[in-house]
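# Fold and geometry: a report
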Amino acid sequence: MLATVEPNPSLAAFTKFMHCLLGLYIWEWFTSLDFDWKYITRQKKFRWPMIFYFLNRYCLLFALMGIAIALNVTTEINCQGLYTFNQCFGNASIGLASVNLSLRTMAVWSQRWYIVVPLVLVILAHWSLLLHGILLKASWIPGQGCVITSTDNHLLAITFIYSMVFDLVVLSLTAFKLILGTPGKSSRLVSLIFQDGLIYFVIAFLANLIATIFMLLNLNPVMSIIANVPAAIASTIVACRAVRRLSNYQNQGPEMFPSTTQGTTLAFRSNMRPKLSTKVNTSPTEGVHVQMETFESPSDKSFIEYDASGQIVKADTFDPEAQVISSEFKRPPY
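Residues numbered from 1 in each chain as written. Predicted model: local features only at pLDDT ≥ 70, side-chain atom pairs only at ≥ 80, totals over all residues. Heavy atoms only, no water.

## As for the overall build of the chain
The following threshold applies: Numbering of helices and strands runs from the N terminus, with a helix taken as a DSSP run of H or I at least four residues long and a strand as a DSSP run of E at least two residues long. Residue burial is assigned from relative accessible area. The probe radius is 1.4 Å, only protein chains are included, and a residue is buried under 20% of its type maximum, exposed over 50%, and partly exposed in between. Residues count as neighbours in contact if any of their non-hydrogen atoms are within 4.5 Å of one another. The Shrake-Rupley method, run with a 1.4 Å probe, gives the accessible areas here. Residue values count only the displayed protein chains as cover.
Per the secondary structure count, the chain includes nine helices and four strands. For the chain, the proportion of its 334 residues judged to be buried stands at 39%. Within the chain, residue pairs in contact and separated by at least 24 positions form 73% of the contacts whose partners lie at least 6 positions apart. For the chain, the computed accessible surface area is about 20,300 Å², with 65% contributed by carbon and sulfur atoms.

## As for empty space enclosed by the protein
Spelled out, the test is: A cavity here means a set of points on a 1 Å grid, drawn over the protein atoms and nothing else, where a 1.4 Å probe fits but cannot get out; a pocket is an open set with protein on both sides within 12 Å along at least five of seven lines, and a residue lines either one if it has an atom within 4 Å of a point. Grid points are joined across faces, edges and corners, and a volume is the space filled by probe spheres set on the points. Following the grouping adopted for this structure description, the nonpolar residues are Ala, Val, Leu, Ile, Met, Phe, Trp, Tyr, Cys and Pro, the charged ones are Asp, Glu, Lys and Arg, and the polar ones are all others, Gly among them.
Tallied over the entire structure, the rule returns eight cavities of 30 Å³ or more. A volume near 220 Å³ is recorded for the largest cavity. Taken together, 18 residues line the largest cavity, and the ones lying closest to its centre are Ile67, Asn86, Gln87, Asn228 and Val229. Those elements that place two or more of their residues in the lining of the largest cavity are helix 3 (50-72), helix 4 (79-108) and helix 8 (228-249). Looking at which element gives the most residues to the lining of the largest cavity, the answer is helix 4, with six residues. Split by residue class, the lining of the largest cavity holds 13 nonpolar, five polar and no charged.

## A short note on the pattern of salt bridges
What counts is decided by this rule: Here, a salt bridge means any Lys or Arg side-chain nitrogen found within 4 Å of an Asp or Glu carboxyl oxygen.
Inspection of every chain in the model, using the stated rule, returns three salt bridges. For the salt bridge of Arg244 with Glu28, the shortest nitrogen-to-oxygen distance reads 2.9 Å. Of this pair, Arg244 sits in helix 8 while Glu28 sits in helix 1 (residues 9-31); the two residues are 216 residues apart in sequence, bridging distant segments of the chain. Among the ionic pairs, Arg57 bridges to Asp36, the shortest N-O distance being 2.6 Å. Of this pair, Arg57 sits in helix 3 while Asp36 sits in helix 2 (residues 33-40), placing them 21 residues apart in sequence. You'll find Arg57 and Asp36 in the same group, each marked buried.

## Some words on the nonpolar core
What tends to happen in soluble globular proteins is that the nonpolar side chains get buried as a cluster. This is how it is decided: Nonpolar cores are built from buried Ala, Val, Leu, Ile, Met, Phe, Trp, Tyr and Cys residues. Side-chain atoms within 4.5 Å join them into one set.
One finds Leu64, Tyr83 and Ile233 to be the most contacted residues of the largest nonpolar core, which totals 48 residues. Those elements giving two or more residues to this core turn out to be helix 1, helix 2, helix 3, helix 4, strand 2 (145-150), helix 6 (153-180), helix 7 (188-217) and helix 8. No other element matches the eleven residues that helix 3 contributes to this core. When near neighbours in sequence (up to four residues on either side) are disregarded, Leu64 contacts Leu21, Leu22, Tyr25, Val229 and Ile233. Core analysis: the next-biggest nonpolar cluster, separate from the first, contains 22 residues, Trp109, Val170, Ile193 and Tyr200 among them.

## Concerning the pairing of strand 2
Look at any regular strand and the pattern is simple: side chains alternate between the two faces of the sheet. Here is the rule we go by: When DSSP finds two or more bridges between a pair of strands, those strands are recorded as paired.
A large share of strand 2 lies buried, amounting to five of its six residues. In terms of strand pairing, strand 1 (residues 137-141) meets strand 2 through five bridges, oriented antiparallel. Among the inter-strand pairings, Ala138 is bridged to a residue of strand 2, identified as Ile148. As consecutive antiparallel partners, strand 1 and strand 2 are separated by three residues, and within that stretch Gly143 has a phi angle of approximately 90°, a positive value.

## Concerning the state of the cysteines
Formally: Throughout, a disulfide means two cysteine sulfur atoms within 2.5 Å of one another.
Evaluated as defined, the whole model comprises one disulfide. Disulfide partner of Cys79: Cys146, at an S-S distance of 2.0 Å. Between Cys79 and Cys146, the S-S torsion sits near -75°, and that sign places the bridge as left-handed. You can see Cys79 sitting in helix 4 and its partner Cys146 sitting in strand 2, a full 67 residues away along the chain. Here Cys79 falls in the buried class, since its relative accessible area comes to 3%. For Cys146, a relative accessible area of 4% corresponds to the buried category.

## Observations concerning a nonpolar patch on the surface
Inclusion rule: Residues enter a patch when their relative accessible area is above 30% and they make no salt bridge; the linking distance is 9 Å between like charges and 5 Å between nonpolar side chains (Val, Leu, Ile, Met, Phe, Trp, Tyr).
There is a patch of nonpolar side chains on the surface, built from Leu198, Val202, Phe205, Leu206, Leu209, Ile213, Leu217 and Leu219 and spanning about 680 Å² of accessible area. Relative to the elements of secondary structure, Val202 occurs in helix 7. The class for Val202 is partly exposed, based on a relative accessible area of 40%.

See the structure below:
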């Protein structure tokens, strides 16, 4: 049984709020349009993970355009079909935001099957809930236009709670690999991936939490979903920004790793000896730029080694004690 929504302040607030959110997202879309244009004009090489980026970005744009049409139409239309379209594309943007974050986690774990397979199953379950959340009812009411008359608040709340838990699992896997999996080997790239993932999780978690609270309160059909659109916009903006930041970072060249000591002793103890072409760039900032170009395996085993004191060692065997006590035997004791 459909419950007719009486004129109330919540409907007017919903209309004005949706227009503000549409303006916010159009501003975000327009200010970052140059990034999309570089892929459209093939200035950047298109890779398959970017499919989810573009789908995430434009599914939400189409959903917001559909919501604007539903709120401003003055003649009777098929409101049920229009709101089904809006809900489908809006829920898709929520799922695609989580997919974009999951792809980064899979890449960090080098696409290990025991990480990829569980994440794919979790993603499929997430999309199953999102598609079930499309089932809402809307109708045309004279004097008000297209109005949502019925929603399944419990299913929508479960979907948003699932999204929060999913994002937490993805962030935990990323943090474990980047921070705990490689202790003492942090770099700007590691910090970038982890910080973007953490920012995404915090913003998406808070937005989804607010949406869940409104749905569980079940004040009325309009107020139950008023926070769903902000949750989708917040998740999409931070997810797409994370993708753009990582893509732009890859074009910045070699990274500078900070140096904590005055000098470093490197020892290559294998048959595969690197041939290095090293460019040292001195600058006021502390650090060394090292760029290795080629590797080759020489057929002969003749090479020059230096001990800790800088003396040439021509022996083919390595004596670790000689590195410490060699300076004690520079001259005879008499």
